[in-house]
Amino acid sequence: MIKRSLLFILMIMGLLITGCIKETYNMRMLSKKAHISPTLAISAVKGDISFSDVVKPSDTVVFDKDKLVILVFKKDSVIDLKLSDFTKATIQKTATIDPNSYDLNLGDVMNHISGTVKFFNPSIKFNYTNSFPDPVKISLNVTAKGKNSTVPLNLSPFTLSKPNLPVQQEVTTTFIIDKSNSNLPDLISLPPETINYSGTAVITSTVKDKGIENYAIGANRLTGSLEIDVPMDLSLNNLQFKDTVNNFIKNNSGDNPLDPADFQLLRINVSAKNGFPLGATLKMSLYDSSTKTEKSTVEATKHLDPAPIDGNGKASGVTETTTSFEFTSVFFSNVNKADKIIFTVILNTTGTTPQEVKIYSDYRINFNAALVVKPDINFK
Amino acid sequence: MTGKTKYILILILAVIIADASAQNSQVLYFMNLPQNHLLNPALRPSNKVYIGLPGMSGINLNINNNFVNFNDVFIKGQPKDSIISFLHPDYNPDKFLAKIKDKNSLEQETTVQLLGVGFSVGNDGYVFLDINERIQGNIVLPGDLFRLALKGNEGFAGKKIDLSSLRGDIKYYHEFGVGFSRNFTDKLRIGIKGKLLFGIAAASIDNKSLGITVNDDYSHTLDANLTVNMSGPVNVYMNSKHNVDSVVFDDSRFKTSAGATDFFSGKKNIGLGLDIGATFDLTDRIVLSASVTDLGFIRWKNDVTNLKAYNQFKFSGLNMLDVINGTKTIDEVGKDMLDSLKNAFNVSNTKAPFTTYLPFGISLGGSYNVTKRFSVGLLSYSRIIGKQLREALTLSANLNLGNAFSTSISYTAENHRYDNLGAGVAFRAGIIQFYLLSDRIPIMWNKIKDDKSNVMVPANWNTINLRLGMNLVFGNRIREKNDKPMLLVE
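If you're wondering where the values come from, they're calculated on a predicted model, not measured in any experiment. (Residues numbered from 1 in each chain as written. Chains lettered and ligands numbered in written order. Predicted model: local features only at pLDDT ≥ 70, side-chain atom pairs only at ≥ 80, totals over all residues. Heavy atoms only, no water.)

This brings us to a nonpolar patch on the surface. All names here are of chain B. Nonpolar side chains collect at one region of the surface, where Ile 59, Leu 61, Ile 63, Leu 106, Ile 139, Leu 466 and Leu 468 lie side by side and expose about 470 Å² of accessible area between them. The set of elements that each furnish at least two residues to the nonpolar patch consists of β2 (58-65) and β27 (463-474). It is β2 that contributes the most residues to the nonpolar patch, three residues altogether. Its location among the elements puts Leu 468 in strand β27. (Patch = residues over 30% accessible without salt bridge, like charges linked within 9 Å, V, L, I, M, F, W, Y side chains within 5 Å. Areas by Shrake-Rupley, 256 points an atom, 1.4 Å probe, with all protein chains shown as cover. Salt bridge = Lys/Arg side-chain N within 4 Å of Asp/Glu carboxyl O. Helix = DSSP H or I, 4+ residues; strand = E, 2+ residues; numbered from the N terminus.)

Looking now at the sheet that holds strand β5 (residues 69-82) of chain A. Residues and elements named next belong to chain A. If you walk across this open sheet you meet the five strands as β4-β5-β14-β8-β12, and the pairing is antiparallel. Edge positions in the sheet fall to β4 (61-63) and β12 (171-177), since each of these pairs with one other strand and no more. Each adjacent strand pair in this sheet contributes to an overall mean axis angle of 30°, direction not counted. Two strands pair when backbone bridges link them, and β4 and β5 are joined in this way by three bridges, in the antiparallel orientation. Pairing of Val 61 across the sheet is with Leu 71, part of β5. (Pairing = 2+ DSSP bridges. Axes fitted to C-alpha atoms, helices over the stretch in contact; angles between N-to-C directions.)

Another aspect to go through is the sheet that holds strand β19 (residues 319-328) of chain A. The five strands lie next to each other as β19(A)-β16(A)-β22(A)-β3(A)-β16(B), forming an open sheet whose pairing is mixed. Edge positions in the sheet fall to β19 of chain A together with β16 (318-319) of chain B, since each has one partner strand and no second. Where strand β16 (residues 263-274) of chain A lies against strand β22 (residues 364-375) of chain A, eleven bridges are found, and the strand directions are antiparallel. When the bridges of β22(A) are listed, A:Ala272 appears paired with A:Phe367.

Next up on the list: unusual backbone geometry. A cis amide bond links A:Leu165 with the next residue in sequence, A:Pro166, at an omega value of 5°. With respect to the helices, strands and loops of the structure, A:Pro166 is situated in the loop between β11 (158-159) and β12. With omega at -15°, the peptide bond leading from A:Leu190 into A:Pro191 counts as cis. Relative to the helices and strands, A:Pro191 resides in the loop between α4 (184-188) and β13 (194-204). Unusually for a residue other than glycine, B:Tyr218 sits at a positive phi of about 65°. Position of B:Tyr218 relative to the elements: it lies in the loop between β9 (188-214) and β10 (220-231). Non-glycine residue B:Asp303 carries a positive phi angle of around 50°. Positionally, B:Asp303 belongs in the loop between β14 (286-300) and β15 (304-315).

A word on the pattern of salt bridges. Residues and elements named next belong to chain B. Enumeration over the complete set of coordinates arrives at 30 salt bridges over all chains. Glu 107 is the salt-bridge partner of Arg 390, the closest N and O atoms lying 2.1 Å from each other. Remark: Glu 107 occurs in strand β5 (residues 103-121) and Arg 390 occurs in strand β21 (residues 388-401); sequence separation between them is 283 residues. The exposure classification of Arg 390 matches that of Glu 107, with both residues buried. Within this structure, Glu 107, Glu 109, Arg 134, Glu 175, Lys 195, Asp 275, Asp 294, Arg 383 and Arg 390 form a network of salt bridges that share partners. (Buried < 20%, exposed > 50% of the residue type's maximum accessible area, 1.4 Å probe, protein only.)

As structure tokens, then:
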């Protein structure tokens, strides 16, 4: 029994010492390549932002009592006529409003814009002070020059108010030009880079009472200014803004620790609750200006949907959208082949056929943009 | 199904379901060795007296891990002889992660018996004394930690990266134990051992909560209620922002023998421990036994450092409102966010004494004596480490030839492995008794070759257990009856 047990124990000991070789690992053949490629996601930026957070009220941007956003362009001294400016005719004296232009300084913007925008209720306030006792009739020839076309205002001649002599030496009032008396919506919807105007002012003398005749031939004057009000009551149909910038991602020096080639994937996930009746699509293209080719394009998987509107064109809720921009390895492989990046934003108002919407200063958008990256982290 | 069968099935099922990873010397339990009182103080050897010589009496080494093996880390590739690591680009990390559990533990325990003495008192009494040096360490790494490192956090969207199981505990202490066992009835024997513990150094993580919630929008909420307790020759320096600046090992105390002696005495970190056990002879052939061992604690008061991080912080991206308003630049918003993150997890450094508890074990055993010298045994060993239960179930066949020779072969289901074949052997030459045993015999080995050497490592790393030593043993309380029968019938 003892012998058998000892034999058994020796066998066990033998196994312990020698055992069975399951595998032989030749560590000289160990590959030194080692990497990890985790997919990391983190909320990058967020915001709950109203229109008034982004755009503060100013001389150019005005919020009316209902918070409707109105763009205001003003030009002083568009007209300054004295009696000496008029012809010496007895009955009808005529003065010429010299040709002039009003540059809205939109030229740079207009170079980047295409698509259709329509403003529904623009108006021009012609604010004037008139001391001529006789009726002054103004004929204005106004045309607006857009990027590709010119639109006339088609404003019929209008007669200015005159002072109620002798108790009133001059009258200060406003003549409004809008869609009821002109082609103004089409003119503003160009949208115009410059507005050219010229015209005439005609005074038609009338028989005066003795007592007031001297006023009619005194130091009479007509001065006026313009205020163009463009309420954000509009529709947009594929209004596209395109801008080209230098390729800031390109690794020119080679000393950038973040080499785009180190990323298998970079994705920006955007979720938004859009309270604006404007939808948007964003696109980013790598552009090689030497060959004039787009090397790679990244665009949102889904465009940002506009908010619904009520019967008055006012947003009546929010629309939730989740979209993402995926920068693939193909994109990164083209980064250093492009010298420019073209950003394109396309805006549309609510509706399959863009509807008239109004932009109020208390509209909000709540958004969250998360960054998802899949880096190639190589240890060797 | 009979009652017994049902209970056996329930027991087996419990072992399979439990996080099976215990740490013991299962084989030792049914062997005729003086050291088996370490597992149950009611057990006693057949020798009347034993003396364990300093340093030689017993060395016990246990290393357990429940998740990784050599061939999980290094994989045979193509061409045939090439080897790739699990981080190689050609290797699918999902295969590695498939091996990862929710709680991945790595444990080690080393016990060196400096002195052991045991002797019989009267007819059935047995007194024993042990002085042991013990180093126990365990760490639990949450599975989510591996998944986070290899796959990233995107897959956790809408879930929590649960790191609450992160735990670590290591301690080095002296154990002075004195025990006694005796029969209380003809069938019942009870043993008890009291232990005085002197802690030398310890570090432990008290993790009440730790996790990162990844919301669907990829905002993150970090919450932590974590304390790292340390007792040892280290100084932790904080900076003005209440963050750990540096950790410096204090070697000045070891420059004098008095300082070193004072440190290694462990007299300022006192603890108590208790082992208690019983055996019951159910029949002439069936013996049942039960014990609770290593029930105890150490109160650490010397060189204490407590680093506590407690807070919750939500990161939901840079708020662009301030940037759009023009009140701040994006750089300033980013800096504010980083400052908030840093301040949210200010670490407090205190010197409050802390308590660590020993991982305690519960053994339930039964043996059936097939013959006088041969028995089979069934042993359940449960180890409770903090909130975790580890379970092992061992079947053994035991041969005890009096004082001269003892051997045991065992099969243990533990540590998610069901192929643990163990064996132990002890034999006596004169007054010297040698023993060697292992709960898992590494039958399969891997040969690791490099330019300079060949190294054999067990193919399976889940359980590495080895206990060996040498005792001086005297006498034998179980005498063979050599009397010749008075009447011999042919």
